[in-house]
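A closer look at the structure
Chain by chain, the residues:
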Amino acid sequence: MKKNLFFHLCVLVAALGMVCAAGAASQEEAKIFAEKAAAFAKANGKEKAVAEFNNPGGQFVKGDLYIFANDLNGTCLANGASPQLAGKNLLGLRDSANKLFFKEMTDVAAAKGGGWVEYSWTNPATKKVQAKITWIKKVEGADYYVGCGVYK
(Lines give C-alpha, C1' and ligand atoms only; values in the text may rest on other atoms or scores of the structure.)
Protein backbone atom coordinates (compact mmCIF):
# COMPACT_ATOMS: atom_id res chain seq x y z
CA MET A 1 0.00 0.00 0.00
CA LYS A 2 2.79 2.45 0.95
CA LYS A 3 4.71 1.70 -2.27
CA ASN A 4 1.55 2.28 -4.33
CA LEU A 5 0.83 5.57 -2.56
CA PHE A 6 4.46 6.66 -2.96
CA PHE A 7 4.37 5.80 -6.69
CA HIS A 8 1.17 7.84 -7.24
CA LEU A 9 2.60 10.74 -5.27
CA CYS A 10 5.75 10.70 -7.42
CA VAL A 11 3.67 10.65 -10.60
CA LEU A 12 1.58 13.59 -9.33
CA VAL A 13 4.66 15.65 -8.42
CA ALA A 14 6.24 14.95 -11.84
CA ALA A 15 3.01 15.91 -13.63
CA LEU A 16 2.73 19.15 -11.65
CA GLY A 17 6.34 19.97 -12.48
CA MET A 18 5.66 19.50 -16.19
CA VAL A 19 2.56 21.71 -16.02
CA CYS A 20 4.48 24.46 -14.22
CA ALA A 21 7.39 24.26 -16.66
CA ALA A 22 5.02 24.32 -19.63
CA GLY A 23 3.33 27.47 -18.30
CA ALA A 24 6.46 29.63 -18.47
CA ALA A 25 7.18 31.16 -21.85
CA SER A 26 10.64 30.94 -23.43
CA GLN A 27 12.85 33.71 -24.76
CA GLU A 28 12.18 32.49 -28.29
CA GLU A 29 8.41 32.72 -27.72
CA ALA A 30 8.82 36.28 -26.42
CA LYS A 31 10.86 37.25 -29.49
CA ILE A 32 8.35 35.71 -31.89
CA PHE A 33 5.48 37.46 -30.06
CA ALA A 34 7.25 40.86 -30.28
CA GLU A 35 8.06 40.33 -33.96
CA LYS A 36 4.39 39.47 -34.61
CA ALA A 37 3.33 42.64 -32.77
CA ALA A 38 5.75 44.81 -34.79
CA ALA A 39 4.38 43.32 -38.03
CA PHE A 40 0.81 43.95 -36.85
CA ALA A 41 1.71 47.57 -36.03
CA LYS A 42 3.31 48.13 -39.44
CA ALA A 43 0.33 46.60 -41.26
CA ASN A 44 -2.43 48.24 -39.20
CA GLY A 45 -0.99 51.57 -38.09
CA LYS A 46 -0.12 53.03 -34.72
CA GLU A 47 -3.64 53.82 -33.49
CA LYS A 48 -5.05 50.35 -34.09
CA ALA A 49 -1.87 48.66 -32.81
CA VAL A 50 -1.80 50.69 -29.58
CA ALA A 51 -5.47 49.89 -28.94
CA GLU A 52 -4.84 46.18 -29.48
CA PHE A 53 -1.67 46.13 -27.34
CA ASN A 54 -3.55 47.88 -24.48
CA ASN A 55 -6.38 45.34 -24.60
CA PRO A 56 -5.82 42.80 -21.78
CA GLY A 57 -8.19 40.40 -23.58
CA GLY A 58 -6.68 40.97 -27.03
CA GLN A 59 -4.43 38.89 -29.21
CA PHE A 60 -1.24 40.33 -27.71
CA VAL A 61 -1.76 39.05 -24.17
CA LYS A 62 -1.21 35.28 -23.95
CA GLY A 63 -0.57 33.65 -20.60
CA ASP A 64 2.50 35.30 -19.11
CA LEU A 65 3.39 37.02 -22.40
CA TYR A 66 2.19 40.52 -23.24
CA ILE A 67 3.26 43.31 -25.55
CA PHE A 68 4.21 46.81 -24.52
CA ALA A 69 4.98 49.74 -26.84
CA ASN A 70 7.02 52.87 -26.13
CA ASP A 71 7.90 55.80 -28.35
CA LEU A 72 11.53 56.77 -28.92
CA ASN A 73 11.17 59.58 -26.35
CA GLY A 74 10.45 57.01 -23.63
CA THR A 75 6.69 57.45 -23.33
CA CYS A 76 4.64 54.30 -22.86
CA LEU A 77 2.01 53.96 -25.58
CA ALA A 78 0.66 50.57 -24.53
CA ASN A 79 1.13 47.83 -21.98
CA GLY A 80 -0.98 44.69 -22.13
CA ALA A 81 -0.37 43.87 -18.47
CA SER A 82 -0.68 47.44 -17.14
CA PRO A 83 -2.67 49.68 -19.53
CA GLN A 84 -2.56 52.45 -16.89
CA LEU A 85 1.12 53.05 -17.82
CA ALA A 86 0.07 54.50 -21.20
CA GLY A 87 1.05 58.14 -21.41
CA LYS A 88 3.79 57.93 -18.78
CA ASN A 89 7.43 58.61 -19.61
CA LEU A 90 9.50 55.65 -18.40
CA LEU A 91 13.04 56.73 -19.35
CA GLY A 92 13.97 57.49 -15.73
CA LEU A 93 12.64 54.21 -14.34
CA ARG A 94 15.37 52.14 -12.69
CA ASP A 95 15.43 48.45 -11.81
CA SER A 96 16.55 47.04 -8.46
CA ALA A 97 20.20 47.32 -9.57
CA ASN A 98 19.72 51.02 -10.47
CA LYS A 99 19.80 50.28 -14.22
CA LEU A 100 17.88 52.67 -16.53
CA PHE A 101 16.43 49.75 -18.44
CA PHE A 102 13.77 51.62 -20.43
CA LYS A 103 16.47 54.03 -21.60
CA GLU A 104 18.50 51.03 -22.71
CA MET A 105 15.46 49.58 -24.52
CA THR A 106 14.93 52.90 -26.31
CA ASP A 107 18.61 53.12 -27.23
CA VAL A 108 18.60 49.54 -28.58
CA ALA A 109 15.50 50.25 -30.68
CA ALA A 110 16.88 53.53 -32.06
CA ALA A 111 20.43 52.32 -32.75
CA LYS A 112 19.96 48.69 -33.77
CA GLY A 113 16.27 48.29 -34.59
CA GLY A 114 16.00 45.50 -32.03
CA GLY A 115 17.73 43.30 -29.52
CA TRP A 116 17.69 41.82 -26.04
CA VAL A 117 17.73 43.91 -22.85
CA GLU A 118 18.30 42.33 -19.43
CA TYR A 119 17.19 43.81 -16.11
CA SER A 120 15.62 42.89 -12.78
CA TRP A 121 11.94 43.34 -12.09
CA THR A 122 9.26 42.11 -9.72
CA ASN A 123 7.59 39.01 -11.09
CA PRO A 124 3.82 39.43 -10.54
CA ALA A 125 3.42 35.66 -10.09
CA THR A 126 6.08 35.23 -7.38
CA LYS A 127 6.14 38.82 -6.00
CA LYS A 128 9.95 38.52 -5.99
CA VAL A 129 12.54 40.54 -7.91
CA GLN A 130 13.88 38.32 -10.67
CA ALA A 131 16.11 38.61 -13.71
CA LYS A 132 14.10 39.38 -16.84
CA ILE A 133 15.06 39.54 -20.50
CA THR A 134 13.02 41.42 -23.09
CA TRP A 135 13.13 41.44 -26.87
CA ILE A 136 12.81 44.94 -28.31
CA LYS A 137 11.73 45.52 -31.92
CA LYS A 138 11.38 48.94 -33.55
CA VAL A 139 8.30 49.16 -35.75
CA GLU A 140 9.56 49.67 -39.29
CA GLY A 141 9.04 53.24 -40.52
CA ALA A 142 7.66 54.36 -37.14
CA ASP A 143 8.87 56.28 -34.10
CA TYR A 144 8.14 53.56 -31.56
CA TYR A 145 9.06 50.04 -30.58
CA VAL A 146 7.39 47.00 -29.07
CA GLY A 147 8.72 44.60 -26.48
CA CYS A 148 7.98 41.27 -24.86
CA GLY A 149 9.93 39.69 -22.04
CA VAL A 150 10.26 36.63 -19.86
CA TYR A 151 11.59 36.01 -16.37
CA LYS A 152 14.73 33.91 -16.25
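In short, a report on the structure. (Residues numbered from 1 in each chain as written. Predicted model: local features only at pLDDT ≥ 70, side-chain atom pairs only at ≥ 80, totals over all residues. Heavy atoms only, no water.)

Along the backbone of the chain there are 4 helices and 7 strands. Each helix and strand of the chain, ordered N terminal to C terminal, gives the series α-α-α-β-β-β-β-α-β-β-β. The burial tally for the chain puts 36% of its 152 residues in the buried class. The contacts of the chain with a sequence gap of at least 6 include a subset with a gap of at least 24, amounting to 46%. Working note: accessible area of the chain is about 8700 Å², and carbon and sulfur atoms make up 61% of it. (Helix = DSSP H or I, 4+ residues; strand = E, 2+ residues; numbered from the N terminus. Buried < 20%, exposed > 50% of the residue type's maximum accessible area, 1.4 Å probe, protein only. Contact = heavy atoms within 4.5 Å. Areas by Shrake-Rupley, 256 points an atom, 1.4 Å probe, with all protein chains shown as cover.)

Looking now at the layout of surface pockets. Estimates place the volume of the largest pocket at around 540 Å³. Counting only elements with at least two residues in the lining of the largest pocket, the list comes to α4 (101-112), β5 (114-122), β6 (129-138) and β7 (144-151). Counted by class, the lining of the largest pocket contains 16 nonpolar, 7 polar and 2 charged residues. (1 Å grid on protein atoms, 1.4 Å probe; cavity = no way out; pocket = protein on both sides within 12 Å on 5 of 7 lines; lining within 4 Å. Points joined across faces, edges and corners; volume = space filled by probe spheres on them. Nonpolar A, V, L, I, M, F, W, Y, C, P; charged D, E, K, R; others polar.)

For the rest of this paragraph, the subject is the pairing of β6. Note that β5 and β6 share 9 bridges and pair antiparallel. Within β6, the residue paired with Gly114 across the bridge is Lys137. Where β6 lies against β7, 7 bridges are found, and the strand directions are antiparallel. Within β7, the residue paired with Lys137 across the bridge is Val146. Between the end of β6 and the start of β7, which pair antiparallel, lie 5 residues, with Gly141 showing a positive phi angle near 75°. (Pairing = 2+ DSSP bridges.)

Bear in mind that shape data such as this cannot, by itself, settle questions of function.
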